[in-house]
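Secondary and tertiary structure notes
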Amino acid sequence: MPAKALVNPAHGPGSTCIAFSRDGLRVYTGGADTLVRIWDTQLGEDQEPPVAMEASEEVTTISAGLDCWVSGSKDSDVRRYEPAKPNLQGLVANAAGVPIRCVAIDPKGKRVAVTSDEPIVKVVSLDDITQTIKLEGHSKAVRKATWHPSGALLTTCGADGKIIVWDLSGAEAKQEKVIEGVLPAVADAEAPEFAYDCSAVWHTSGQYFFVATRTHEIATISRTDWSKSSTLSDDACTGDITALALSNNGVYLAAASKSGIFIWATQNRRMLFRYQGAIHAPITQMAFSPAKNMLAWTDAAGDLTRWLDPIPSSSPDPVKPSIGSGSVTISTKRKGTPTLFDDDNVDNARPTTDKPVTTEDLDGDLGIDLDNDDWILDDLGDGMDDDGEAKRLAAEGGIREMVSVTKAQPPFQPGSTPMEKKKRYLAYNMIGVIEVTDQDTHHIVNVEFHDRSTRKSYHFTDHFRYDLASLGERGALYACQPEAEHTAHIIYKPYGTWASQSEWTYEMPKGTRVLGIAAGGPPPSKSLREKSDVDIGGQGNVVVATSDGELVFLTGSGIERACLSLPGDFVTMVAGSEWVFVVTRDGSTTMDGSQNLTGRLIKFDDFCILQKDALPVPKRHTLQWVGITEEGAPAIYDSSGVLHIMPRFRIPLSATWVRALDTNKLERREGKDESYWPVGVAGDAFMCLILKGRQEYPGFPRPLIQELPIRLPFKRTDPKEGPLEEHFARESILLDILRDGLGDELTTDDIAARELALDKELIQLIQQACKTDRLARALDLTRLLHLTPSFDMAIKVAGFYHLIGLQEKMEALKAEREVEDRLENLRERRRGFADDFAPVPAMRLPTVGESSRPKAFQDFRPPPALHRPGLERATPVVDARTQDSQMTDDSTIYSGSFADGTQENDFSYGSPGGKRKRSLEDEPIRSNSSDADLGAKRRALGEPASKPAVPQARSNPFARKPGADNNGRNPFARGADARQSVHKSESFFTKVDAAEAEKGKRPAQSKPKPKEKKDAGKQTTLFGLLPPQPADKKAASRSKKKAGSPADDSQELAASTHNGVQPESQTDTVMDETQESGDTQIDEPSQVATETETQEATVMEAESPIEWPPSPEPQKRSVEVTG
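On a predicted model such as this, the values are computed, not experimentally measured, just so you know. (Residues numbered from 1 in each chain as written. Predicted model: local features only at pLDDT ≥ 70, side-chain atom pairs only at ≥ 80, totals over all residues. Heavy atoms only, no water.)

1. A look at the overall build of the protein
Looking only at helices and strands, the protein has 20 helices and 53 strands in total. For the protein, buried positions account for 47% of its 1123 residues. Looking at the protein alone, contacts between residues at least 24 apart form 55% of all its contacts between residues at least 6 apart. For the protein, the exposed area adds up to about 56,400 Å²; of that, 52% sits on carbon and sulfur atoms. (Helix = DSSP H or I, 4+ residues; strand = E, 2+ residues; numbered from the N terminus. Buried < 20%, exposed > 50% of the residue type's maximum accessible area, 1.4 Å probe, protein only. Contact = heavy atoms within 4.5 Å. Areas by Shrake-Rupley, 256 points an atom, 1.4 Å probe, with all protein chains shown as cover.)

What follows is the structure, given as structure tokens:
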């Protein structure tokens, strides 16, 4: 908004004062040139105002009444002049040689209050100057005095920092209230701050007044309880508040500071307008015109500035009274509460109390009693209904803002201070200090570190006027706000780097402001003083909070990684090595004084929330500092003087705030008026700066950092047990932080040493409990022991006091501890925390062509087959090298169970149903002990060993020979007359039973040799052991194998000789049998061993010759089939 201002050089440099006439046509100014000039507000800059020259020293104050105006100066006189003219009417009062500081005429124009460098305030009647009331209550000079709109109360502000409210409604004056701790105490009358306007500006409603505080805010002091109900502040308004002014109807409040002139709305305490012109000198006093839209002020340069139309036409007029308000706000009488049955006589439901009102009061003229509390005060009425923004939001379906009584805490940077005497701290933490010196045209930034062996201090010239800074482990971060055509930006300066051009700048969009910054990163592994020192840990992390509700994450080299949305109003933040702790206000403040702050711990690696919890800031208090302990835990400090720490921050979403220190209960604070400015937390020490008296920020030269021991606020007062219990709890907190950071490690030497020291203290507590016969306490203390050998000491203590029952319970606890590994359990617990918060895998839909997983209770398919080797059918293992002898001997005994020897040999025989069985390639390697097992069976049954067959020419026994006798039978087929089904036995013992039954039917054989009987009694087939063979048989077998023919020829010859049937007839019989059963015919090649298999069998026989048992006599061989 372009500022239209009229500037007139009114006085010489120095303190100046200003006052409007009651009709607003004249404005009076006074200055260090001892003159008072009377300006016509209707004229412009080209005018020659009348001058009052009676003062002999600097004019310090002016006040206008109904029929006169008065001035005060350092010559101790108060002069009275004719209205709008420089004509002196006489002296009103004299201060006996001390300067006059303020004169104030009451709203009725009857009395004037005079303050001076004396601690006494005089109230003089303008009609009779001999009627004077003296008010005594200040201890130093009284700087300003203001009247209540009713004229019944007078407010004085002294150099001692006190605000005293005087009740002058009666014949005698009395103190209504003394308010301390709001105003800054300024003892030096020559200091520039002494000339600032510290007046208590009463609102037109008379229910509260505004005053500039020592914290550079505008406080609202309520008349109800004389306490600070709210504050007016804005980030743009910085520095000392030098002057205040209230509009004629009480809608607007103007404030002047070093950063400019700002206008607030008194209803919602929102800053609305700002003077866009340049401020060349501090403004000493300002005032609104009572007749037109004008704001005027005078400054230390002696100039008079009149700002025309400071309030736009679209906003409520600053002069015209709003509906229901005038110079004194019109009040609405509270109606009686209706009765339950809606009686017509509501006055009986709630009677009202009326206080007597004098006819001399302005309240009586208006029919109002401001002193009556039974009123609903409407200081604006519908004055703000034409707010364009509110109407626009309502038209768009938005929600209009509801103003809370509690003032919201503005954003702040941890470790920073406001500018005082052209110096300030931008950052002050455990790493170092950033100091700023204002050189008017630029700033000098000086960075110093506490540990100069690790980092090198530096300084630079700042032309951007950085107002935010953060000192991190790897670098320093600075930010400036937008100004004119320059946008806001941040700059990061690493401490030391091996690469060139390590500094970088991050520009913000136009109109975006930086609310907070934080620089984090791991501590350096080596010194960063020299650029040649290479550290692969990187340059840290950078976090920026903007006015657009964004939280921007960048690396130390300027790479943008993430942009998160802030869930509420940003307040402050601090960054560590692994995370950033962000404090926001999720919603609005509460009506009972709570700031409603929430802290979030956001990790740098994945930008996920590690912790989220409300901050334990008490009601009617604010957050003053956030930081990081030496162990890496978040810590906060509030205005109530309490330090909180979050020790278990590594457990996701489970940590709590621990009340670590209450500075109000420190022994050193007894009898002292001091406060503490936090710097950091190192171990069990609270590092801070000690502020004396009402000092709120550290000044210059830089004070030394003090260490205060951290003591948990326990309530036990026992001189022996109390300190031990507190120390145990405090050390346990530190141990929890260290254990949570172990990961997969079990422990460290530091942790083991700390646990041993704690166990020693627990033994002392156990001894004290045993001594006083508190057995349950001793047992509880025993459970807290860490190391297993410590239980032995506790058991000895119990035995020393002859506590047998306690000793047994301690031994049981020790046994329980020995069974379980405490360190392993703690590690598994840490792993469990990580598993509980593992990422959830994404849902994977089946792709095209991929069978989906069957749904629950909808899968009707048969269960999969289970492979159970122990339940498989017992199948005799046949070695190819013994095929001939197996076919000759074993087929006779086990013909009913095994069909014939050929099927068992090549594993390709047909099933009874004519289906093909497993192929040869699928069969496992057969053991060489099968022939020995079968021989053992034969000997076990007492049968004679068959003689080996005569080797014959090698041929295929299954092929039809041309010209062969068709009457020859196939030895591998069943007889044509045996039409019984062939099946396999289910177990080995079934086969043995069948063999025993067959033995009884078969005629007696030749008596076997005694040696063979002896060997036949061994069940070698169950264990796969070869029976011992005679040496002569082995030799005979070896000679036979050398001179014999292949196994196939031997089988063919045996079949032709013993059965006397041609192979063709055997084949025909099998085919007819198969056709009659209705099964599929089996091809002849499937039942015939191939030539390759025969060759392989021949090779195996040549490699490992075996002994062939004797075959039975041909005439006694028979083929039997069991049903």
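2. Details of the packing of helix α4 (residues 749–771) against helix α6 (residues 788–800)
Two packed helices can be described by the angle between their axes and the distance between those axes. For the pair α4 and α6, the least separation of the axes is 10 Å and the interaxial angle reads 20 degrees. By the angle class used here, α4 and α6 are roughly parallel. Relative to α6, the crossing made by α4 is right-handed. Packed against α4, whose contacting residues are Asp-759, Ile-763, Ile-766, Gln-767 and Cys-770, the element α6 presents Ser-790, Met-793, Ala-794 and Val-797 at the interface. Split into classes, the residues belonging to the contact of α4 with α6 amount to six nonpolar, two polar and one charged. (Axes fitted to C-alpha atoms, helices over the stretch in contact; angles between N-to-C directions. Parallel < 35°, antiparallel > 145°, perpendicular 65-115°, else oblique. Left-handed = near helix turned anticlockwise from the far one by under 90°. Nonpolar A, V, L, I, M, F, W, Y, C, P; charged D, E, K, R; others polar.)

3. Observations concerning the pattern of salt bridges
Evaluated as defined, the whole model comprises 41 salt bridges. A salt bridge links Arg-822 to Glu-755; its shortest N-O distance comes to 3.1 Å. Pair noted here: Arg-822 is in helix α8 (residues 822–836) and Glu-755 is in helix α4, with a separation of 67 residues, a long-range link. Taking relative accessible area as the criterion, Glu-755 reaches 2% and is therefore assigned buried. (Salt bridge = Lys/Arg side-chain N within 4 Å of Asp/Glu carboxyl O.)

4. Side note on the environment of Val-658
As for its placement among the helices and strands, Val-658 is situated in strand β50 (residues 658–662). Between the C-alpha atom of Val-658 and that of Leu-643, which follows or precedes it by 15 residues, the distance is 8.6 Å. Look past the residues within four positions of Val-658 in its chain and what remains in contact with it is Leu-643, His-644, Ile-645, Pro-647 and Ile-733.

5. Topic: the sheet that holds strand β48 (residues 634–638)
One open sheet accounts for four strands, arranged β47-β48-β49-β50; its pairing is antiparallel. A strand with exactly one partner marks an edge of an open sheet, and here the two such strands are β47 (623–628) and β50. Each strand axis lies, on average, 20 degrees off the axis of its neighbour in the sheet, ignoring direction. Note: β48 against strand β49 (residues 642–645), three bridges, orientation antiparallel. Opposite Tyr-637, over in β49, you have Leu-643 as the bridge partner. (Pairing = 2+ DSSP bridges.)

6. Examining the pairing of strand β10 (residues 100–105)
Among the six residues of β10, six are classified as buried, and the element is accordingly described as predominantly covered. As defined by bridge partners, β10 adjoins strand β11 (residues 111–116) across five bridges and the pair is classed as antiparallel. Looking at β11, one finds that Cys-102 is bridged to Thr-115. In textbook terms, the turn of a hairpin is the stretch between consecutive antiparallel strands, and for β10 and β11 this stretch comprises five residues, one of which, Gly-109, has a positive phi near 75 degrees.

7. Examining the nonpolar core
In globular proteins that are soluble, nonpolar side chains generally tend to be buried together. In terms of nonpolar packing, the biggest core is built from 35 residues, with Phe-581, Leu-615, Leu-623, Leu-643 and Phe-686 touching the most fellow members. Apart from the residues lying within four places of it in its own chain, the contact partners of Leu-643 are Trp-625, Ala-635, Ile-636, Tyr-637, Val-658, Arg-659, Ala-660, Leu-661, Val-681, Phe-686 and Ile-710. In this structure, Leu-724, Leu-735, Leu-765 and Leu-779 belong to the second largest nonpolar core, which totals 25 residues. (Core = buried A, V, L, I, M, F, W, Y, C linked by side-chain atoms within 4.5 Å.)

8. Here we look at the pairing of strand β22 (residues 241–246)
Burial analysis of β22 places six of its six residues in the buried class, which makes it a mostly covered element. Pairing of β22 with strand β23 (residues 252–257), which is carried by five bridges, proceeds in the antiparallel orientation. Residue Leu-244 lies in a different strand from β23, and its bridge partner there is Ala-255. If you look at the hairpin formed by β22 and β23, you'll find five residues sitting between the two strands, and Gly-250 has a positive phi there, around 75 degrees.

9. Description of the sheet that holds strand β46 (residues 609–614)
What links the strands of a sheet is backbone hydrogen bonding, and the strands pair in either a parallel or an antiparallel sense. Here four strands make up an open sheet; going across it, the order is β43-β44-β45-β46 and the pairing antiparallel. Each having just a single partner strand, β43 (569–575) and β46 make up the two edges of the open sheet. The sheet shows a mean angle of 15 degrees between the axes of neighbouring strands, direction not considered. Sheet analysis places strand β45 (residues 597–603) next to β46, joined by five bridges and oriented antiparallel. Considered in β46, the bridge of Gly-599 is made with Asp-613.

10. Details of the confidence of the model for the protein
Across the protein, pLDDT averages 76, with 67% of residues at or above 70. Low confidence marks residues 940–949, where pLDDT is under 50. Its contacts with residues over four positions away, or in another chain, come to 33 contacts. Low pLDDT, under 50, characterises residues 1115–1123; the predicted model gives this stretch 22 contacts beyond four residues in sequence or across chains. (pLDDT = per-residue confidence, 0-100.)

11. Structural notes on unusual backbone geometry
The phi torsion of most residues other than glycine is negative, and most of the peptide bonds are trans. Omega for the bond connecting Phe-700 with Pro-701 falls within 30 degrees of zero, at 0 degrees, which places this linkage in the cis form. Residue Arg-465 is not a glycine yet carries a positive backbone phi of 55 degrees. Along the chain, Arg-465 turns up in the loop between β34 (458–462) and β35 (468–471). Residues other than glycine seldom take positive phi values, yet Asp-773 does so here, at roughly 65 degrees. Assignment of secondary structure puts Asp-773 in the loop between α4 and α5 (775–783). Relative accessible area serves as the criterion here: at 55%, Asp-773 is assigned to the exposed category.

12. Describing the environment of Ala-682
By secondary structure assignment, the location of Ala-682 is in strand β51 (residues 674–682). Separated by 53 residues in sequence, Ala-682 and Thr-629 have C-alpha atoms that sit 5.9 Å apart. Those residues in contact with Ala-682 that lie beyond four places of it in its chain are Met-430, Glu-630 and Met-687.

13. Section: the state of the cysteines
Per the stated rule, a full pass over the model turns up zero disulfides. Cysteine Cys-17 remains unbridged, with the sulfur of Cys-102 as its closest cysteine sulfur at 9.8 Å. (Disulfide = S-S within 2.5 Å.)

14. Side note on the side chain of Thr-60
Inspection of the secondary structure assignment puts Thr-60 in strand β6 (residues 59–64). Looking at Thr-60, the relative accessible area reads 10%, which means it is buried. For Thr-60, the side chain forms a polar contact with the main-chain oxygen of Ile-100, separated by 2.4 Å. Here Thr-60 is in contact with Cys-17, Gly-72, Ser-73, Lys-74, Ile-100 and Arg-101, once residues within four sequence places are set aside. (Polar contact = N/O pair within 3.5 Å; in protein donor to acceptor, adjacent residues only side chain to side chain.)

15. A word on the packing of aromatic side chains
Counted according to the given criterion, the structure contains 24 aromatic pairs. When the centroid spacing of 6.3 Å and the interplanar angle of 20 degrees are considered together, the rings of Tyr-458 and Phe-460 count as stacked. Every member of this aromatic cluster is reached through a ring pair, and the members are Tyr-458, Phe-460, Phe-464, Tyr-466 and Tyr-478. Positioned above the aromatic ring of Phe-194 is the side chain of Arg-143, whose terminal nitrogen or guanidinium carbon lies 5.4 Å from the ring centre. A cation over a ring is seen here: Lys-423 above Phe-700, with NZ or CZ 4.8 Å from the ring centre. (Phe/Tyr/Trp six-rings, centres within 6.5 Å; stacked < 30°, edge-to-face > 60°. Lys NZ or Arg CZ within 6 Å of the ring centre and 35° of its normal.)

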